[in-house]
Structure formats: structure tokens, C-alpha cells
Amino acid sequence: MTLSFMPEEIMETIHMVQVENLDIRTITMGISLRDCTHSNIEIVAQKIYDKITKSAAELVRTGEDISKEYGIPIINKRIAVTPIAFVGEGCDCKDYTILAKAMDKAAKEVGVNFIGGFSALVHKGFTKGDENLLNSIAEGLAETERVCASVNIGTTKAGINMDAVYRMGKIVKETAELTKESGGLGCAKLVVFCNAPEDNPFMAGAFHGIGEPEKVINVGVSGPGVVYNAVKHSPNVDFGALASVIKQTAFKITRMGELVGREAGRRLQVPFGIVDLSLAPTPAVGDSVADILEAMGLERVGGHGTTAALAMLNDAVKKGGAMASSYVGGLSGAFIPVSEDAGMIRAVKEGALCIDKLEAMTCVCSVGLDMIAVPGNTTAETIAAIIADEAAIGMINKKTTAVRIIPSPGKKVGDSVEFGGLLGTAPVMPLHPYSAEAFIKRGGRIPAPLISLSN
Amino acid sequence: MCSYKNNASEIEGKRLIVTVVGEDKVGIIAGVAEILATHKVNILDISQTILQDFFTMIMIADISTSTINLLELQTLLKEKEKEIGVKIDVQNEDVFKYMHRI
């Protein structure tokens, strides 16, 4: 028989992993907690703990086995659960912090580094459970280590709940204050969404949507380093050829996600949900989305041309990735989190990248203003206005947008906030000095746009 | 419980790819082959080449009749790696099949 692969093919794969940081960013198990309701909140907490620890007992070990056998690093093993606002709704108690603690304890027991789903969907208004959850977010995040919270405040179909936007502005401030000793770290685990996806495997915004099955395995791929190297080796080609190079690379990366997702699902006896086709950077050198944009020919990310470069990159990644996977979902687009991308951090520090350009970039990629540190004295109203702007982009463009912003207590423009690990270092960015207070305080809902009338 | 079937037939997981990269020296193939033979891992094919100035050996092997599993074999080959000073990887063949074949 002949060798089934060319030596170059085999070495290309190995090179991608060992030199270019190809990895599977996360295997996320979605677990429904809809059967954990009870009027007594302590019983709910116990049920949540029991169900998570039982369902995900083998998750981490399975991920590690697959990683070794296939020779592909799987960086994170994580869990997403039903939005806790639904689970806690039937309780007499109004403080859901105990439920966050139960999630945290279960996450530690099974060995996952983050658990998402301390969440509520309030794009059209608040139920009793939503109110309780929102009131518990700041404390829930301050008193746990691994719990992530998210709130959906708008959709293309429903419009934007501006009361919720204002509430989230205040909650972000409150969370920063309660976690001020770590620079406002709680805010790094709090995402405000418009058009939140129900099957997103990435933190901090992952939750197990209400249309999802009992359990599911979703996979998030990574690989900015691989795309960067492919682009770097194509310096003199036109955009058609460059798009082809990116598509082929994205195809290969996504195939790894597909393989790992299917295999994890098979071993855990849990259906495989989706592969999220995202380019997720890390603070590691050579694992940056900003570097790709600069390799395309920009002197610095944030300069003129950045939005066009990102749009082209994002689209080529989707085209290549969509061919490689049978089920695609989640956020599926390049991420541009400032603190988690060495190239972004450099551009902000040099003054090349400002918040307005970041906002423009979020129009053409996933996901939004992500991991941005702003001065500690930023008001709740200004944060709400930033959330409203992002939500408007998502609503009108029928896409997911999000805000994960850290008004780091005591910090001012020019300072940096160190979060450590995958969350990285955030340079504090300047904001516009003009107030949106009167606008935000109007309250009510921004009506659904004309494009929502698609039936 | 599964409402969708995970397609297990696509994932066979019996064949391995062993890659050795490093400086060419006496006994590399023998050293790796000895470990495989001892544990009844059948070598199906071997290729040797020089890629970017490095000696590169690729073996395709079948582990289905072996007395040990892939993770145990990895541990044994890691010890060999230190002993002979070359880089040895062993991976399930499906990684390459998924990436390079449709």
C-alpha cells in the first residue's frame, strides 16, 4: 500500500499546532437546567449542583484524552446552562446569589474554568425572575470565581429594551465596584448582548438556549496564528487570491473543530451541536487578529482601511469554515477583544486604535466592544449609551453584538488593568466627554426596526 | 437520550501516524519500530524524507491488535524521544484525514 498522506501534509498539520498556535479554544457542554425548579431556592441550588456535576463528570477527562490522542490542544473545557432567570423564577427568594455559588461549586468540582448562564433574556421586558437575576448579578459575580453572566437587551425582532440598557449600565458599575480589588474583574465576566445566540460556546456570553436539547456539545475553534502565517506568506497577491488563501486555511482549522466536536459527543453520549467558526485571539505572541490585519497591509490596526480588511477576513473565514462543518453556529466571526490580543493592545497604547474605530469594526465582525477598559469615573449613563450604540448596530444589521466593558475603579486613561491568563491586559481607553444622560433616562423601548417585518 | 445520532462510522480511530523529526542518526527507525513491535502495533508503511533540512520519518501503524492503547504508546515514545534526542509524535490518523481529505 502507499502512504495515504503526503509528508508535507502531515508536517503542515503538525506545524500548525506546534508553531502557529492552532488549537481548539473550547469544548462547551450545554446542559438544560429546566428540570431544576422548586419554590425553595436551596433545593434549586442543590438540584443545579447535582445536575451539572452528574452531566459533566467526564467532560474534562474526555477533552484531555481527545487532545492527547489527536495531538491537538483543547485549551478550555466549559459549561453553559439554561439562563438562571428561568430556573430561579419559581423560587420565593429574590436573591439568586446562592444559585451562582452552586454553579461555581459545580464548575470547580468537574474542573471547568468557566461556567456561563447566570443570564436573563429581557429584550422586551422583565419577568419576576429576570428582575431577581439582574439584581443578583453584581454580587453573584463578586462572590464566585468561574461564573459568567450575560443579559440580552435587544433583538432585531423586538427592538431594544432601553430600561434594561440603563439597568445594565448601573450593574456594570456596581460589578466593577464590588470587584475593585482585582481591577473590576467581575465586568470581564459580564456580557450585554443584542441578538444573543443560544448555542455560543465562547465565554463570557455562553448560555444554553431555550431551544436547545437536554445536553449538547458545542466547539469553538481558534487559530489566528495559522491565518496570520498564511496571509504573511502571500504578500503580493490581490484580494481574490488572498481570500482564497484565508478560506483554505479556515477550512482546515474548522475541520479540526468538527472532528473534536463529533468525537467528544460520541464519547460523552451527548449530541454534537455546532462548530463556532471564530478567530479567537489570545495574548500569546503570534495569536492575534490584529496581526492578521496588519499582515494584509495596514501599518497599524485602527487606521483607515481596518474596517475593510476585517470585513474581508471575517467573510473569508466564514466561507471556508462553512464548507468544513456540517453544523455551524454560535458567534462565528473574528473576535476583537482588546485585552486578549497583543496586537490590539499595542495599537491602543500607540493611539492608533480608538473606541470609535472599534465600534465601526463591530459592524463587520463578531462580536462587539469586547474586553475594553475605560476610566473608573465613567458614569452608568455613558456605559448605557455605549451599550445602546452597540445594540443598535446589532438590531439594524441582524447580527449579534455585545458589550463587555470594564470601568476599572480608580483607573484613568493611560493606565493598564491586568486580568491575567486568557483575559490579558487592558489599556484604559478614552471615551467622549459629552453626556447622554437625558437620552438614556427617557426609558421605554426602541421599537423594532422596519427590517424585522419580514413575514 | 440522544435525539441526533453522532456518526461514529466516520471516526475509525485504528490507524496512527508516527512522525519523527530531528537530526539524522543511526537507530531512529529501529528504536521506534522496536517499541511498536514489542506492543504488537503493526507498521503499515514508512516514509523518510528531508523537509526543510530536517530528517523526517513518517510511519503509518495499526493499533487495533495492540496490547496497549494510544495514550500508553505516547508515553513510551516520549521516553524514547528523550533517549535519542529527536521529536516523536504519535497521533490518530483521523486528524490528517479530516484536515486534508474530504
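Residues numbered from 1 in each chain as written. Chains lettered and ligands numbered in written order. Predicted model: local features only at pLDDT ≥ 70, side-chain atom pairs only at ≥ 80, totals over all residues. Heavy atoms only, no water.

Asks: What should I look at first to understand unusual backbone geometry in this one?
Replies: The omega angle of the peptide bond from Met203 of chain A to Ala204 of chain A is 10°, so this bond is cis rather than trans. For Ala204 of chain A, the location among the structural elements is in the loop between strand E6 (190–194) and strand E7 (215–221). Phi angles above zero are rare outside glycine, and Asn195 of chain A is one such case at about 55°. For Asn195 of chain A, the location among the structural elements is in the loop between E6 and E7. Asn195 of chain A sits in the buried class, given a relative accessible area of 16%. The residue Lys40 of chain B is not glycine, and still its phi comes out positive at about 60°. Relative to the elements of secondary structure, Lys40 of chain B occurs in the loop between helix H1 (28–38) and strand E2 (42–51). For Lys40 of chain B, a relative accessible area of 52% puts it in the exposed group. (Helix = DSSP H or I, 4+ residues; strand = E, 2+ residues; numbered from the N terminus. Buried < 20%, exposed > 50% of the residue type's maximum accessible area, 1.4 Å probe, protein only.)

Asks: What is the right way to look at the packing of helix H3 (residues 59–70) of chain A against helix H2 (residues 70–84) of chain B in this model?
Replies: The angle between the axes and the distance between the axes are what describe a pair of packed helices. Axis separation between H3 of chain A and H2 of chain B bottoms out at 10 Å; the angle between their running directions is 55°. The angle between the axes of H3 of chain A and H2 of chain B places the two elements in the oblique class. Seen along the crossing, H3 of chain A lies across H2 of chain B with a hand that is left-handed. Across the interface between the two elements, Asp65, Lys68 and Glu69 of chain A from H3 of chain A touch Leu70, Leu71 and Gln74 of chain B from H2 of chain B. Of the residues that constitute the contact of H3 of chain A with H2 of chain B, the class distribution is two nonpolar, one polar and three charged. (Axes fitted to C-alpha atoms, helices over the stretch in contact; angles between N-to-C directions. Parallel < 35°, antiparallel > 145°, perpendicular 65-115°, else oblique. Left-handed = near helix turned anticlockwise from the far one by under 90°. Contact = heavy atoms within 4.5 Å. Nonpolar A, V, L, I, M, F, W, Y, C, P; charged D, E, K, R; others polar.)

Asks: Help me understand the domain arrangement of chain A, please; the structure alone is not making it clear to me.
Replies: Quite often, the size of an interface is put as the accessible area lost when its parts meet. All names here are of chain A. The domains assigned to chain A are domain 1 (25–194) and domain 2 (219–450). Taken over C-alpha atoms, the centre of domain 1 sits 22 Å from the centre of domain 2. Counting residues at the interface gives 48 residues for domain 1, matched by 58 residues for domain 2. Across the domain 1 to domain 2 interface the summed buried area is about 4,100 Å²; carbon plus sulfur atoms make up 69%. Broken down residue by residue, the surface that domain 1 buries against domain 2 is led by Arg25, Met162 and Tyr166, which jointly contribute 18%. (Domains from an automatic or database assignment. Buried area = accessible area lost by both parts, 1.4 Å probe.)

Asks: I keep staring at the packing of helix H6 (residues 128–142) of chain A against helix H7 (residues 162–178) of chain A and nothing clicks. Help me out?
Replies: Residues and elements named next belong to chain A. For the pair H6 and H7, the least separation of the axes is 7 Å and the interaxial angle reads 25°. Considering their axes alone, H6 and H7 lie roughly parallel with respect to each other. Every pair of crossing elements has a handedness; the one defined by H6 and H7 is right-handed. Side by side, H6 and H7 meet where Glu131, Leu134, Asn135, Ile137, Ala138, Glu139, Leu141 and Ala142 of the first sit next to Arg167, Met168, Ile171, Glu174, Thr175 and Leu178 of the second. Along the lines of polarity and charge, the residues of the contact of H6 with H7 split into eight nonpolar, two polar and four charged.

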